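Residues per chain are reported as follows:
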Amino acid sequence: MPNHLLQLEGLSDERLTQLLDAAAAYLPAARGQGQVPAALAGRLVAQMFFEDSTRTRLSFEAAAARLGARSMSLQGAGSSASKGETFLDTALNVDALGVDAMVVRTSISGGPALLARHVRCAVINAGDGRREHPTQGLLDCLTIREAFGRFNGIHVGIVGDIANSRVARSAIHALTTLGASVHLIGPPTLLPGCFAGVARRAESVHITHDLDAILDRLDVIMMLRVQLERSAGGGIAADYREHYGLTHQRAQRLPSHCIVMHPGPVNRGVEVDDDVADDVRRSQILRQVTHGVAVRMAVLQESMPR
Ligand code: NCD
């Protein structure tokens, strides 16, 4: 039976910890240090990206390659999606090629879950619309665990375009389940009040529109990209950086142990100032990418049991 990974919502503390432990064991291999057994030798993975991606796609490909699996890649542009083939039909055809797993990124919220009900192979969600991005949530958790060794008592600020962010949703579910406190910070237009109710442990989610008022309480500050492609018209507000950017001045007001995260791609000078993004003491941005390979190795490996 294939093991799908569709979302982090509903996964238990134990299950999340098991995935993080499995990923942590792959960290040396993800860094290119040392070999791991080719546990997926002979397996075939379809990398199906109907939305743009740099990190996630290459990271899944790197993870598959490190474990000895072969990848085939399909992108929205250049596929029969442009001839009108439905998302489900495309997936059924890829499944009929005999793949062992499909990694799927789509603008359709719930798209990977739909496929999982119809295909024979494992389905791994690589980001579905605004809904979830489970491997990103796991790599964010792994990054925090590597930095602090625990989740209890850790205050994580997630800043910016929460409304459109699948990264935020997956992080909220996983972090609150693992015991962290999450502070959602953004302008009212990008952060509806209903977000507090998203997590099962709603008491661990706090909403504020005032970034400056909370900076000195944060152990982790996770900046999000403003998702222009998901907003109905309108650009980035002229005063976005003034109120919600992690500027040089704001970074100086963070506790000295506070780490800076961003899922990428970064709009430099909007969400994060250059010197903050590049500050090797604080910035985890490139470490997150490496952790993503380890997480995806763990997820791919367990999605295709022998
Ligand atoms: C994110 C995504 O596509 O959801 N990127 C990523 O996977 N690292 C976030 C974003 O595009 O802003």
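Values in this document were obtained by computation on a predicted structure and should not be read as measured data.

### So, the overall build of the protein chain
The secondary structure content of the protein chain amounts to twelve helices and nine strands. In terms of C-alpha radius of gyration, the protein chain reaches 19 Å, essentially the compact-globule figure of 19 Å for 306 residues. C-alpha extents for the protein chain along the principal axes are approximately 55 × 45 × 35 Å. In the protein chain, which comprises 306 residues, the share counted as buried stands at 53%. When contacts within the protein chain are restricted to residue pairs at least 6 apart in sequence, long-range pairs at least 24 apart make up 74% of them. Computed over 31 positive and 31 negative side-chain charges, the separation of the two mean positions in the protein chain equals 5 Å.

### What about the layout of surface pockets?
Taken as a whole, the largest pocket holds about 460 Å³ of empty space. Of all the elements in the fold, those that place two or more residues in the lining of the largest pocket are α3 (55-66), α6 (134-148), α7 (166-178) and α12 (285-303). Counting residues per element, the lining of the largest pocket draws most heavily on α12, which supplies five residues. The residue makeup of the lining of the largest pocket, split by class, is six nonpolar, twelve polar and nine charged. Shared between two domains, the lining of the largest pocket holds at least three residues of each, these being domain 1 (13-131 + 289-303) and domain 2 (134-284).

### Quick word on the nonpolar core
Leu138, Val156, Ile158, Leu175, Leu184 and Leu300 are the most contacted members of the largest nonpolar core, which totals 61 residues. Inspection of this core shows a minimum of three residues originating in each of domain 1 (13-131 + 289-303) and domain 2 (134-284). Not counting residues up to four positions away in its chain, the partners in contact with Leu175 are Cys141, Ile144, Phe151, Val156, Ala180 and Val182. Core analysis: the next-biggest nonpolar cluster, separate from the first, contains 21 residues, Leu190, Met223, Tyr244 and Leu246 among them.

### Some remarks on the site of the ligand
Near the ligand, the surroundings consist of Thr56, Arg105, His133, Gln136, Arg166, Val167, Arg225, Gln227, Pro263, Gly264 and Pro265. A distance of 3.0 Å is found between an oxygen atom of the ligand and a side-chain nitrogen or oxygen belonging to Arg105. Computed on the free molecule, the ligand has an accessible area of 320 Å², of which 94% lies beneath the protein chains in the complex. Because more than half of its atoms lie within 2 Å of the grid, the ligand is assigned to the largest pocket. Here the residues of the shell around the ligand are counted per class, giving three nonpolar, five polar and three charged.

### So, the pairing of strand β5 (residues 155-159)
Burial runs high along β5: four of the five residues are buried. The pairing of β5 with strand β6 (residues 181-185) spans five bridges and is parallel. Bridge pairing in β6 links Val156 to Val182. Read as a crossover between parallel neighbours, the route from β5 over α7 to β6 is right-handed. Judged from the four bridges that link them, β5 and strand β8 (residues 220-223) form a sheet pairing that is parallel. By the bridge assignment, Ile158 is partnered in β8 with Met222.

### Thoughts on the sheet that holds β8
Spatially, the five strands line up as an open sheet ordered β7-β6-β5-β8-β9, and their pairing is parallel. Of all the strands in the sheet, just β7 (205-208) and β9 (259-261) have a single pairing partner and so form its edges. The mean angle between the axes of side-by-side strands here comes to 20 degrees, regardless of whether they run parallel or antiparallel. Pairing of β8 with β9, which is carried by three bridges, proceeds in the parallel orientation. Within the sheet, the bridge partner assigned to Ile221 lies in β9 and is Val260.

### Focus on α3
An ideal rise of 1.5 Å per residue puts 16 Å on twelve residues; α3 measures up with 16 Å between its terminal C-alpha atoms. Residues Thr56, Arg57, Ser59, Phe60, Ala63 and Ala64 constitute the buried set of α3. Close packing links the buried residues of α3 with β1 (44-49), β2 (70-75), β3 (101-106), β4 (122-128), α6 and α12. The positive-phi residue at the C-terminal boundary of α3 is Gly68, with phi of around 90 degrees.

### A word on the domain arrangement of the protein chain
One widely used convention gives an interface's size as the accessible area the parts lose upon coming together. Each assigned domain of the protein chain is listed with its residue range as follows: domain 1 (13-131 + 289-303) and domain 2 (134-284). The centre of domain 1, based on its C-alpha atoms, is set 25 Å off from the matching centre of domain 2. In total, about 2100 Å² of surface goes out of reach between domain 1 and domain 2, with carbon and sulfur atoms giving 59% of it. The largest contributions to the domain 1 side of the interface with domain 2 come from Leu20, Arg130 and His291, which together make up 31% of the buried area. Where Arg166 meets Glu51, a salt bridge forms, and the shortest distance between an N and an O atom there is 3.0 Å. At the junction of domain 1 with domain 2, the criterion picks out eight residue pairs in polar contact (both at pLDDT 80 or more).

Calculation notes
- Residues numbered from 1 in each chain as written.
- Predicted model: local features only at pLDDT ≥ 70, side-chain atom pairs only at ≥ 80, totals over all residues.
- Heavy atoms only, no water.
- Helix = DSSP H or I, 4+ residues; strand = E, 2+ residues; numbered from the N terminus.
- Rg over C-alpha atoms; globule rule 2.2 N^0.38 Å.
- Buried < 20%, exposed > 50% of the residue type's maximum accessible area, 1.4 Å probe, protein only.
- Contact = heavy atoms within 4.5 Å.
- Lys, Arg positive; Asp, Glu negative; His and termini not counted.
- Charge placed at Lys NZ, Arg CZ, Asp CG, Glu CD.
- 1 Å grid on protein atoms, 1.4 Å probe; cavity = no way out; pocket = protein on both sides within 12 Å on 5 of 7 lines; lining within 4 Å.
- Points joined across faces, edges and corners; volume = space filled by probe spheres on them.
- Nonpolar A, V, L, I, M, F, W, Y, C, P; charged D, E, K, R; others polar.
- Domains from an automatic or database assignment.
- Core = buried A, V, L, I, M, F, W, Y, C linked by side-chain atoms within 4.5 Å.
- Near = heavy atom within 4 Å.
- Polar contact = N/O pair within 3.5 Å; in protein donor to acceptor, adjacent residues only side chain to side chain.
- Areas by Shrake-Rupley, 256 points an atom, 1.4 Å probe, with all protein chains shown as cover.
- Sits in = over half its atoms within 2 Å of the grid points.
- Pairing = 2+ DSSP bridges.
- Right-handed = clockwise from strand over helix to strand, strands pointing away.
- Axes fitted to C-alpha atoms, helices over the stretch in contact; angles between N-to-C directions.
- Expected span 1.5 Å × (residues − 1).
- Buried area = accessible area lost by both parts, 1.4 Å probe.
- Salt bridge = Lys/Arg side-chain N within 4 Å of Asp/Glu carboxyl O.

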